Protein chains: 4
Amino acid sequence: MTHRYILTLSCPDRVGIVAAVSSFIAAHGGWITEASHHADPEGRRFFMRQEIRADSLPFGVKEFRERLAPIATEFAMNWRVVDSARKKRVVILVSQLGHCLYDLLARWQAHEWEIEIPCVISNHDTHRDFVEWHGIPFHHVPVTPTTKAQAFATVAELFEAAAGDVMVLARYMQVLPPALCERYPQRIINIHHGFLPSFKGAKPYHQAYERGVKLVGATCHYVTADLDDGPIIEQDVARVDHSDEPSDLVRYGRDIEKTVLARGLGYHLDDRVLIHGRRTVVFR
Amino acid sequence: MTHRYILTLSCPDRVGIVAAVSSFIAAHGGWITEASHHADPEGRRFFMRQEIRADSLPFGVKEFRERLAPIATEFAMNWRVVDSARKKRVVILVSQLGHCLYDLLARWQAHEWEIEIPCVISNHDTHRDFVEWHGIPFHHVPVTPTTKAQAFATVAELFEAAAGDVMVLARYMQVLPPALCERYPQRIINIHHGFLPSFKGAKPYHQAYERGVKLVGATCHYVTADLDDGPIIEQDVARVDHSDEPSDLVRYGRDIEKTVLARGLGYHLDDRVLIHGRRTVVFR
Amino acid sequence: MTHRYILTLSCPDRVGIVAAVSSFIAAHGGWITEASHHADPEGRRFFMRQEIRADSLPFGVKEFRERLAPIATEFAMNWRVVDSARKKRVVILVSQLGHCLYDLLARWQAHEWEIEIPCVISNHDTHRDFVEWHGIPFHHVPVTPTTKAQAFATVAELFEAAAGDVMVLARYMQVLPPALCERYPQRIINIHHGFLPSFKGAKPYHQAYERGVKLVGATCHYVTADLDDGPIIEQDVARVDHSDEPSDLVRYGRDIEKTVLARGLGYHLDDRVLIHGRRTVVFR
Amino acid sequence: MTHRYILTLSCPDRVGIVAAVSSFIAAHGGWITEASHHADPEGRRFFMRQEIRADSLPFGVKEFRERLAPIATEFAMNWRVVDSARKKRVVILVSQLGHCLYDLLARWQAHEWEIEIPCVISNHDTHRDFVEWHGIPFHHVPVTPTTKAQAFATVAELFEAAAGDVMVLARYMQVLPPALCERYPQRIINIHHGFLPSFKGAKPYHQAYERGVKLVGATCHYVTADLDDGPIIEQDVARVDHSDEPSDLVRYGRDIEKTVLARGLGYHLDDRVLIHGRRTVVFR
């Protein structure tokens, strides 16, 4: 993969944003390999993502940021420049169901993403051997009603100690405390085993079975203090029919969960996801 | 299309149902062209649908029913034998949006279904000429808050006068009174422009936009006294992204609505839909 | 719909294209409502589409083109500026199967697209009344092996007389002569009832049935002199199984054909499709 | 999972098959939990699959077969009764790409299927540690142009020694010799990384890119002596666009391959797949 700088920004929409940014990049010989824009017609907010080849610029990421800063200030941008050479650190949380964990580690092994997995945290010891076989530290942090506060303090400490960039709840069957959610905005990603906003909360496949829906789904979203209500990154569905029992829906669902989590996480890792209120802009 | 008798039934599950029915049919030389079964593991209810070539039996539909009756009684069946030669009479209700109406008439013209359309009823006069050009009577029955009761009495009279088998709400933007819904159980089919149970009620595409979902859908269901809560016959979805405004979702949605309504209605017309509580068994 | 100018271009990729174009637009106060870029990593070709609000610019489309011309020359652009206020003229060709024709006219009636339909041309007289009821002229141009050359000369004359922008083969079951295809590059759109490149030529659903595929599809593409081999604009599929006979595939296929043709044509009408060799760039 | 006997059969279609089989089962108190039929209208062949609870019958699988044999002979059935308690033995063949292997082992670990994996065979040593960590023997059988005959003799010996029921080519990048294919009809399952019959042979994603298709797919099929031409069990597709390079298609494709292989293999393991010439009947 070519070494790139990825610029993402949002700001109030007005004339001249693209001209200012692209002229700045062109003035330094910057080679844009991918560019995406979005203007929200209602909120009048503008969103942009640019990938620039690092070797086309005469300076490094630090100086890029310094030189861009005045333009960012002029347009009141919420912005960020990411260096593709720096691997993101992904901390995985899992419970007993291992299908998403298996899938994430398989992708990591196959170099689908250039990431580090500094550790896996679980409220069960089930997957210790599998994780450790991959050379990844495994932390067993049991969660009980009485120890919940302490347990999540430990989770936060482990995440900090691991210098985690993003926390992935890969079918981690615990509700995170609101304070933890708010501490890491847009840095905690969950896979919900239902097609939100239908079937929030527990046993979504059983809810779907009871309602008799003809498609079941899964939703990858950022975690906020409002349970199952954070901005949606990706969703997908699979067809079911009357012959499918709840256990079948669970089984089909696992395949959707793996795929939807992987796609959603992939967009996040590539800095393709910008937040717009309760919604996401995903520059695929 | 071959002349067929279609037997549908449901009954408490026990040993010997299939044997009894298929032996009865075989004893009279009946040629089964399609057979479907479903046993619900929880409710212990059994569902069956059989298509038998009419010309393979030595008697007509009336005698078929008489001879089958004792078996039906023995197994406590909820059953029906339909003669494929008798065209179902489909009454269409529509408001101002004509995409589903156009689509239904196109299918009728193309003989996709062998049905009669004795009339179209609308609370607006918009589509009169188009419907009448097809040689179908058009009834304008305005609905206002004060005339609602009378209006729906008229709708019921027209449906009776037309000897309607099924009433199709093809984007008919009025809520039917509960008494009307209960009068015609499993005979009123609605297309809801949302992926139920998400986004019930008004403006589902705008609700979907606000929530930032990545797929929008439509739902074809039987109408019951509980708004948007009847048994689901068919659903489907289409992918959307951040660049789609509510008007785009409405536009994509129209295509899903047409297809989902056509598929759901088609299953109903072929007697492929059996009711199981809040769910449907659809023998596709 | 807001009055907009739509700029589309492709040119050899190099530094500064976006900067040059966006600076030009910004210098005149142009408000970009939608912008899309694509750089092909192999061919080193760059593609761009911009929508600019007409009322944000101090000049009309003619002057816009004149002022942009020097930049276009500098970068060796293949370019075009389209005025959204000018309705495109769509000439529809159809044979006996009317489902795509019905669907296109329904969309036109519902103002899904702001187009003119100056005429419909058919090798059969089947749909004359339906078309004329819509107030659209209908031309019956029979095609036989011996009259083929003359018939297509007539088709071309009618298309010219109608000042057609685009010719839509809406299940027009005749192969166009190569000379006609070459006369209107990227202006003739076909819907093929198969998932190209599988199942070219005649009876694709029967070919699909024989091969036992589990999905059938349809393909919307530009017509070139190579039968069923032009650049693909849009495709989609539907699931089938062993119980579906060729007639079922044909029936499911009709729904895919309608949707895929409508999507493909819609992209073309919005100037979202650029050609890149045998492929298309579709800025959705 | 309940202990069941699974009866699958095909025979010339005629009156009385279902009656004969279901009466036989009912006469012994057999509880049918799932029943599927299919009559091919052209070939006049009939297909059936029944699941019967083992504990509802007064005899075991051996006597079941003996008692059913006369009926099978009478109707000239091609038939089989499988005991669900006997775990199928699945031998996996893999090359260097491990995504399907990872996925299959994850499903086996999660008890999605009740199978044995007696060994994994590969022409590379890449995945030895991963396989052996799972407690599964790993055989490295290199394949070179000159050793090909000997290598596949070894593969066949290992398959025999492992008492394999089915051989799964999980992205095994070698073409099996025709003799091996013919030795194990309907017992070798391949995942092809293209939407057959498009893009047979090598580098199907690159072929798809060159042709500019808008969907890429994967195909799970039985292996026959005709390369990529065996009966198709399952297929699926994913949407792509102009911004996707061949490496992106490969990446999306991996997800489809995993899912399609798992679904296809699952149908086979449940004895849901019957062969009908070049096609399959899949009783899902």
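Within chain A one finds eight helices and 14 strands. The C-alpha radius of gyration of chain A comes to 21 Å, within 12% of the 19 Å expected for a compact globule of 284 residues. Principal-axis analysis of the C-alpha atoms gives chain A an extent of 60 × 40 × 35 Å. Counting all 284 residues of chain A, 60% fall into the buried class.

It is worth spelling out the domain arrangement of chain A at this point. Residues and elements named next belong to chain A. According to the domain assignment, chain A consists of domain 1 (4-83) and domain 2 (88-282). Taking only C-alpha atoms, the centre of domain 1 and the centre of domain 2 are 31 Å apart. On the domain 2 side, the residues contacting the 15 residues of domain 1 number nine residues. Where domain 1 abuts domain 2, roughly 840 Å² becomes buried across the two surfaces, and 55% of that area is made up of carbon and sulfur atoms. Scanning the region where domain 1 abuts domain 2 turns up three salt bridges. Across the salt bridge formed by Glu34 and Arg272, the nearest N and O atoms sit 2.7 Å from each other. Run the count over domain 1 and domain 2 and you get five residue pairs in polar contact (both at pLDDT 80 or more).

What follows concerns the state of the cysteines. Across all of its chains, the model carries zero disulfides over all chains by this definition. Its sulfur unpaired, Cys181 of chain D is 15 Å from the next cysteine sulfur, which belongs to Cys220 of chain D.

In this complex, chain A contributes 38 residues to the contact, which on the side of chain B involves 38 residues. Interface area, chain A with chain B, both sides summed: about 3300 Å², of which 51% is carbon and sulfur. Contact with chain B buries area across many residues of chain A, yet Arg211, Lys214 and His242 of chain A alone supply 23% of it, more than any other trio. Of the charged contacts in the structure, one is a salt bridge between Asp236 of chain B and Arg239 of chain A, with a shortest N-O distance of 3.6 Å. Linking chain A with chain B are 19 residue pairs in polar contact (both at pLDDT 80 or more). Within the residue set of the side of chain A that touches chain B, elements represented by two or more residues are strand S2 (32-40), helix H7 (204-211), strand S12 (232-239), helix H8 (246-269) and strand S14 (279-282) of chain A. In terms of residue count, the dominant contributor to the side of chain A that touches chain B is S12 of chain A (seven residues).

Moving on, we come to the interface of chain C and chain B. Contacts between the two partners involve 16 residues from chain C and, on the opposite side, 16 residues from chain B. Linking chain C with chain B are six salt bridges, by the criterion used here. When the shortest N-O distance is used, the salt bridge between Arg107 of chain B and Asp255 of chain C registers 2.7 Å. On inspection of chain C and its partner chain B, the count reaches ten residue pairs in polar contact (both at pLDDT 80 or more). Those elements that place two or more of their residues in the side of chain C that touches chain B are helix H3 (99-109), helix H4 (128-133) and helix H8 (246-269) of chain C. Counting residues per element, the side of chain C that touches chain B draws most heavily on H3 of chain C, at six residues.

Right, let's talk about the relation of the copies chain A and chain B for a bit. With an RMSD of 0.0 Å, chain A superimposes on chain B once it is rotated by 180° and translated 0.0 Å along the axis. Between the two chains, the operation in question is that of a two-fold axis. Ranked by how close their C-alpha atoms come to the rotation axis, the residues of chain A are headed by Ser198 of chain A, at 2.5 Å.

Within this structure, the stated rule accounts for 128 salt bridges over all chains. Between Arg171 of chain D and Glu257 of chain D there is a salt bridge, and its shortest N-O distance comes to 2.7 Å. Placement of the pair is Arg171 of chain D in the loop between strand S9 (166-169) and helix H6 (178-183) and Glu257 of chain D in helix H8 (residues 246-269), with a sequence separation of 86 residues. Overall, Arg171 of chain D belongs to the buried group, its relative accessible area being 5%. Accessibility expressed as a relative area gives 0% for Glu257 of chain D, which makes it buried. A network of salt bridges, in which partner residues are shared, links Arg4, Glu34, Arg49, Glu51, Asp270 and Arg272 of chain A.

Between Leu196 of chain A and Pro197 of chain A the backbone carries a cis peptide bond, its omega angle lying at 5°. Unlike most non-glycine residues, His111 of chain B shows phi in positive territory, near 60°. Relative to the helices and strands, His111 of chain B is located in the loop between helix H3 (99-109) and strand S6 (115-116).

Mapped onto the secondary structure, Glu132 of chain B falls in helix H4 (residues 128-133). The class of Glu132 of chain B is partly exposed, set by a relative accessible area of 37%.

Right, let's talk about the environment of Pro177 of chain D for a bit. All names here are of chain D. Looking at the secondary structure, you find Pro177 in the loop between S9 and H6. Judged by relative accessible area, which is 24%, Pro177 ranks as partly exposed. Through-space distance from the C-alpha of Pro177 to that of Ala225 is 7.4 Å; in sequence the pair is 48 residues apart.

Within the element layout of this structure, Lys214 of chain C appears in the loop between helix H7 (204-211) and strand S11 (215-222). Of the side chains with opposite charge, Glu234 of chain D comes closest to the buried, unpaired Lys214 of chain C, at an N-O distance of 6.8 Å. One polar contact links Lys214 of chain C to Thr280 of chain D, side chain to side chain, over a distance of 2.9 Å.

What follows is about the pairing of S14 of chain A. The two faces of a sheet get side chains in turn, since along a regular strand they alternate between them. Residues and elements named next belong to chain A. By the alternation rule, side chains of S14 split into Arg279 and Val281 and Thr280 and Val282, which are all buried. When strand S13 (residues 273-276) meets S14, the two strands line up antiparallel, connected through four bridges. Pairing of Leu274 across the sheet is with Val281, part of S14.

Two residues of an α-helix separated by three or four positions point the same way, owing to the 3.6 residues in each turn. Along H7 of chain C, the residues that are buried comprise Pro204, Tyr205, Ala208, Tyr209 and Arg211 of chain C. Projected onto a plane normal to the axis of H7 of chain C, the buried residues spread over an arc of 165° and lie on a single side. Its buried side turned inward, H7 of chain C meets strand S10 (188-192), S11 and H8 of chain C together with strand S2 (32-40), strand S12 (232-239) and strand S14 (279-282) of chain D. One or two steps after H7 of chain C, the chain reaches Gly212 of chain C, where phi turns positive at roughly 75°.

The next subject is the packing of helix H1 (residues 17-27) of chain B against helix H1 (residues 17-27) of chain D. In the contact formed by H1 of chain B and H1 of chain D, the axes pass within 8 Å of each other and the chain directions differ by 145°. Remark: the crossing between H1 of chain B and H1 of chain D carries left-handed chirality. Contacts from Val18, Ala19, Ser22, Ser23 and Ala26 of chain B of H1 of chain B reach H1 of chain D at Val18, Ala19, Ser22, Ser23 and Ala26 of chain D. Across the contact of H1 of chain B with H1 of chain D, the residue classes break down as six nonpolar, four polar and no charged.

To continue, consider the packing of helix H3 (residues 99-109) of chain D against H8 of chain D. Residue and element names in this part refer to chain D. Following both chains from N to C, one finds H3 and H8 inclined at 45°, their axes separated by 9 Å at the closest point. Taken together, the axes of H3 and H8 lie oblique to each other. You can see that H3 and H8 cross each other, and the crossing is right-handed. Residues His99, Cys100, Asp103, Leu104 and Arg107 of H3 form the contact with H8, whose participating residues are Arg254, Glu257, Lys258, Leu261, Ala262 and Leu265. Tallied by class, the residues present in the contact of H3 with H8 amount to five nonpolar, one polar and five charged.

Right, let's get into H8 of chain A. Residue and element names in this part refer to chain A. Between its terminal C-alpha atoms H8 stretches 33 Å, which fits the 34 Å expected from 24 residues at 1.5 Å a residue. Of all 24 residues in H8, 19 are buried; the element is thus mostly enclosed. Immediately downstream of H8, the backbone of Asp271 shows phi near 55°, a positive value.

The rules behind these values
Residue indices follow the written sequence of each chain, beginning from 1 at its first position. Chain labels run from A onward and ligand labels from 1 onward, assigned in the order the entries are written. For this predicted model, a pLDDT threshold of at least 70 governs which residues receive local features, and a threshold of 80 or more governs which side-chain atom pairs are given and counted, while totals over whole chains, interfaces and linings are taken from all residues. Only heavy atoms go into the side-chain values, all of them from the structure, while hydrogens and water stay out. Under the scheme used here, helices are H or I runs from DSSP no shorter than 4 residues and strands are E runs no shorter than 2 residues, and both carry numbers assigned from the N terminus. For a compact globule the rule gives 2.2 Å times the number of residues to the power 0.38, and the radius of gyration it is set against comes from C-alpha atoms. Buried, partly exposed and exposed residues are distinguished by accessible area as a fraction of the type maximum, computed with a 1.4 Å probe on protein chains only: under 20%, between the cut-offs, and over 50%, respectively. The split of the chain into domains comes from an automatic or database domain assignment. In what follows, a contact means two residues having at least one pair of non-hydrogen atoms within 4.5 Å. Note on terms: buried area is the combined drop in 1.4 Å-probe accessible area of two parts once they are placed together, counting the loss on both. What counts as a salt bridge is simple: a side-chain nitrogen of Lys or Arg found within 4 Å of a carboxyl oxygen of Asp or Glu. Here a polar contact is recorded for every N or O atom pair within 3.5 Å, except that within protein the pair must consist of a potential hydrogen donor and a potential acceptor, and residues adjacent in sequence are included only if both atoms are side-chain atoms. Pairs of cysteine sulfur atoms within 2.5 Å are what we label disulfides. Copies are brought into register by a least-squares superposition over C-alpha atoms of residues with pLDDT of at least 70 in both. Only four residue types enter the charge count: Lys and Arg as positive, Asp and Glu as negative, with His and the chain ends excluded. At least two DSSP bridges between two strands are required for those strands to pair. As used here, the arc belongs to the directions running from the helix axis to the C-beta atoms. Note on geometry: axes are C-alpha line fits, over the in-contact stretch for helices, and angles between N-to-C directions span 0 to 180 degrees. Rotating anticlockwise by less than a right angle from the far helix to the near helix defines a left-handed crossing, while the corresponding clockwise rotation defines a right-handed one. Any residue that is not Ala, Val, Leu, Ile, Met, Phe, Trp, Tyr, Cys, Pro, Asp, Glu, Lys or Arg is counted as polar, Gly included; the first ten are nonpolar and the last four charged. Angular relationships are summarised with four words: roughly parallel below 35 degrees, roughly antiparallel beyond 145, roughly perpendicular across 65 to 115, and oblique for the angles in between. Expected helix span is taken as 1.5 Å per residue step, with the number of steps being one fewer than the number of residues.

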